Amino acid sequence: MDYSQFWALKQEIGLLLVFLLVFLYDTFMPRKSLKGTAWVSIAAFLVFTVIGFFDCNTCNITSAFAGMYVTSPVIAAIKNILNVGVLIVLLQSVKWTSTEEISVRRGEFYELLFVTLFGMYLMISSRHFLLFIIGLESASLPLAAMVAFDKKRYESHEAAIKYILTAVVSSAVFMLGLSFVYGLTGSLYFSEIYGVLSSQSSMMLVLALAFVMAGIGFKLSLVPFHLWTADVYQGAPTNVTSYLSVISKGAAAFAFLVILVQAFGQVYSQVWEWMLYALIILTITIGNLFAMRQRNMKRFLAFSSVSQAGYIMLGIIGMNATGMASLMYYVLVYVFSNLAAFGVIGAIENNTGLVSMDDYKGLYKTNPRLSVAMMLAMFSLAGIPPFAGFFSKFFIFTSAIQQGSIAIYILVLIALINTIISLYYYLLVVKAMFISQDDCKVGTFRSSCPERLALWVTVGGILLLGIASPVYNYLLTISEGTVMAFMY
């Protein structure tokens, strides 16, 4: 066996080293020193993330283990984007993991988080469905434990049961689709499936692909596979919810792109084009309509994330360098915007226990800085210029219409109309904070240092990504250089 091929897994091995460091620290250090577990995790992961950014520029297109695993500058950049989001979540979690109820098992929280991220890495780099399933289950099962992490809250238990049951069913549906794919092609390699399907056109293929898309649709919260989302987001601890809404969704989007393009790209126009159009329209529209009705902030952002998943899927339609760059840029902006919103929600919940939109009325009078941070997050998620969310939507729409068909123009038009609709419910939060004359139920308080640092990072990302064109240009450059190898 050629052990040098393990060098292709530099990011996975680095993440495992971070996991081992946290595990050993949590296991063998004296009890008094365990208060530093959070900062050891953050410091180790920060070093790992910084090294990943430097290594991204020197990364080459490399395959390992008989082509089951592939890495490239694009894939390294995708993993680095996820790392940025995880680092912010770690900062936001410090105060929560230091509470009396959670501190006794805070090490397990960080260890489970790193295991799920490792599974997402495998999903993104896999070029064989066996490795993909290993990554999928490694990412899904620890998440169920994270959702149930608040052991004394009934809602957390209920959310975990709903999540694990839905995850099990979706995995079963996904593997049923794979069994059909294997029966049609005789292989689980993406490249071999791609080649065989050029001469295939049958109802069995349509059914197989429908099952595969349903399985991945669960991870992305695409309609109609989204029914678990609001209940799980509401019941899970807020820091776990933010991780689910951003990191898990971003990894699933990239994995979805790899599967659809690499394995089923030959039958795009015949089989999965119209499936994808229908999923995008339903996801954006239904997510918007249900978000309007929510008063709980976590459920509100749950349906907002369902709608955002539809926009993310527009990047897959491009199937070119522009589409890949737009998808990466959109997820990067979504990381900063959504985590800024969850950072404010988490800070308020940690200090007051309040999570209702009605509790935010008059928030600017008592906590002006948190109000401004939430306002910027809402403006970015809504796509209001000059914030980063406007440019991310602009680029994703531009990449989609490059296909040039009438159907694409209609699809983008529907997405634009839904963007206008989304302004209504995002501005409801802003109205409650700044315009409402009610006395605010949230008293004046000072957030913890890690929470403030995380908010500064997210707000800085929202503002800078809106004006820093080199970020998108860099993503476009590496996509143009490696996207064909990444996709085919």
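Residues numbered from 1 in each chain as written. Predicted model: local features only at pLDDT ≥ 70, side-chain atom pairs only at ≥ 80, totals over all residues. Heavy atoms only, no water.

### Overview of the overall build of the protein chain
Summing up its helical and strand segments, the protein chain has 20 helices and two strands in all. Since a compact globule built from 488 residues should have a radius of gyration of about 23 Å, the 22 Å found for the protein chain is in line with a globular shape. Out of the 488 residues in the protein chain, the part that is buried amounts to 60%. Summing over all exposed atoms, the protein chain offers an accessible surface of approximately 18,400 Å²; the carbon and sulfur share of this is 69%. In the protein chain, which carries 27 positive and 22 negative side-chain charges, the distance between the mean positions of the two groups comes to 7 Å. (Helix = DSSP H or I, 4+ residues; strand = E, 2+ residues; numbered from the N terminus. Rg over C-alpha atoms; globule rule 2.2 N^0.38 Å. Buried < 20%, exposed > 50% of the residue type's maximum accessible area, 1.4 Å probe, protein only. Areas by Shrake-Rupley, 256 points an atom, 1.4 Å probe, with all protein chains shown as cover. Lys, Arg positive; Asp, Glu negative; His and termini not counted. Charge placed at Lys NZ, Arg CZ, Asp CG, Glu CD.)

### Concerning the packing of aromatic side chains
Here the structure, examined in full by the defined rule, presents 27 aromatic pairs. Plain terms: the ring middles of W228 and Y233 are 6.3 Å apart, the flat faces sit at 75° to each other, and that makes the pair edge-to-face. Residue W228 is classed as buried on the basis of its relative accessible area of 7%. An aromatic cluster is built from W96, F109, Y110 and F149, whose rings are joined through pairwise contacts. Directly above the ring of Y121 sits K79, whose terminal nitrogen or CZ lies 5.2 Å from the centroid. The cationic tip of R105 hangs over the ring face of F149; the distance from NZ or CZ to the ring centre is 5.3 Å. (Phe/Tyr/Trp six-rings, centres within 6.5 Å; stacked < 30°, edge-to-face > 60°. Lys NZ or Arg CZ within 6 Å of the ring centre and 35° of its normal.)

### As for unusual backbone geometry
Cis rather than trans, the peptide bond between V223 and P224 has omega equal to 10°. The omega torsion of the bond from P385 to P386 falls at 5°, within 30 degrees of zero and hence cis. Positionally, P386 belongs in the loop between α16 (368–382) and α17 (388–401). The phi torsion at A66 lies on the positive side, around 60°, for a residue other than glycine. Topologically, A66 is positioned in the loop between β1 (62–64) and β2 (69–71). The exposure class assigned to A66 is exposed, which follows from its relative accessible area of 64%. Of note in the backbone geometry, S221 takes a positive phi value of approximately 60° without being a glycine. Structurally, the position occupied by S221 is in the loop between α9 (203–220) and α10 (229–235). Judged by its relative accessible area of 0%, S221 falls in the buried class.

### Some details on the environment of E101
Mapped onto the fold, E101 is located in helix α4 (residues 100–103). C-alpha of E101 to C-alpha of Y25: the two residues are 76 residues apart in sequence and 20 Å apart in space. Apart from residues lying up to four places away in sequence, E101 is in contact with D150 and K152. (Contact = heavy atoms within 4.5 Å.)

### Quick word on empty space enclosed by the protein
Across all of its chains, the model carries four cavities of 30 Å³ or more by this definition. Of the volumes computed, that of the largest cavity is approximately 70 Å³. Taken together, Q92, T238, N239, S242, F342, G343, G346, A347, N350, E451, A454 and L455 make up the full set of residues lining the largest cavity. Contributing elements (two or more residues each) for the lining of the largest cavity: α11 (238–263), α14 (321–352) and α19 (449–467). Of all the elements, α14 adds the most residues to the lining of the largest cavity, at five residues. (1 Å grid on protein atoms, 1.4 Å probe; cavity = no way out; pocket = protein on both sides within 12 Å on 5 of 7 lines; lining within 4 Å. Points joined across faces, edges and corners; volume = space filled by probe spheres on them.)

### Concerning the pattern of salt bridges
Scanning the model with the defined rule gives six salt bridges in all. One salt bridge in this structure joins R299 and D231, with 2.9 Å as the shortest N-O distance. A residue pair is termed long-range when its members are at least 10 positions apart, and R299 in helix α13 (residues 297–318) and D231 in helix α10 qualify at 68 residues. Residue D231 is classed as partly exposed on the basis of its relative accessible area of 26%. For the salt bridge of D358 with R295, the shortest nitrogen-to-oxygen distance reads 2.8 Å. With D358 in the loop between α14 and α15 (363–366) and R295 in the loop between α12 (268–291) and α13, this pair connects stretches of sequence that are 63 residues apart. (Salt bridge = Lys/Arg side-chain N within 4 Å of Asp/Glu carboxyl O.)

### Digging into the layout of surface pockets
Of the voids in this model, the largest pocket is the one considered here, and its volume is about 420 Å³. Lining the largest pocket are 16 residues; nearest its centre among them are R369, L370, R452, L455 and W456. Secondary structure elements with two or more residues in the lining of the largest pocket: α16 and α19. At six residues, the largest contribution of residues to the lining of the largest pocket is made by α16. Classifying every residue of the lining of the largest pocket by side-chain character gives nine nonpolar, four polar and three charged. (Nonpolar A, V, L, I, M, F, W, Y, C, P; charged D, E, K, R; others polar.)

### A short note on α9
Along its 18 residues, α9 runs 25 Å from first to last C-alpha, staying within 8% of the 26 Å computed at 1.5 Å per residue. One or two residues past the end of α9 sits S221, with phi positive at roughly 60°. (Expected span 1.5 Å × (residues − 1).)

### Structural notes on the side chain of Q11
Relative to the helices and strands, Q11 is located in helix α1 (residues 10–28). A distance of 3.4 Å separates the side chain of Q11 from the side chain of N80, its partner in a polar contact. (Polar contact = N/O pair within 3.5 Å; in protein donor to acceptor, adjacent residues only side chain to side chain.)

### A look at the packing of α9 against α11
At a minimum axis distance of 8 Å, the contact between α9 and α11 shows a crossing angle of 160°. In this view, α9 runs roughly antiparallel relative to α11, as classed from their interaxial angle. α9 and α11 meet at a crossing whose hand is left-handed. On the side of α9, the interface is formed by L209, V212, M213, I216, K219 and L220, while α11 contributes S248, K249, A252, A253, F256, I259 and L260. Here the contact of α9 with α11 is composed, by residue class, of 10 nonpolar, one polar and two charged. (Axes fitted to C-alpha atoms, helices over the stretch in contact; angles between N-to-C directions. Parallel < 35°, antiparallel > 145°, perpendicular 65-115°, else oblique. Left-handed = near helix turned anticlockwise from the far one by under 90°.)

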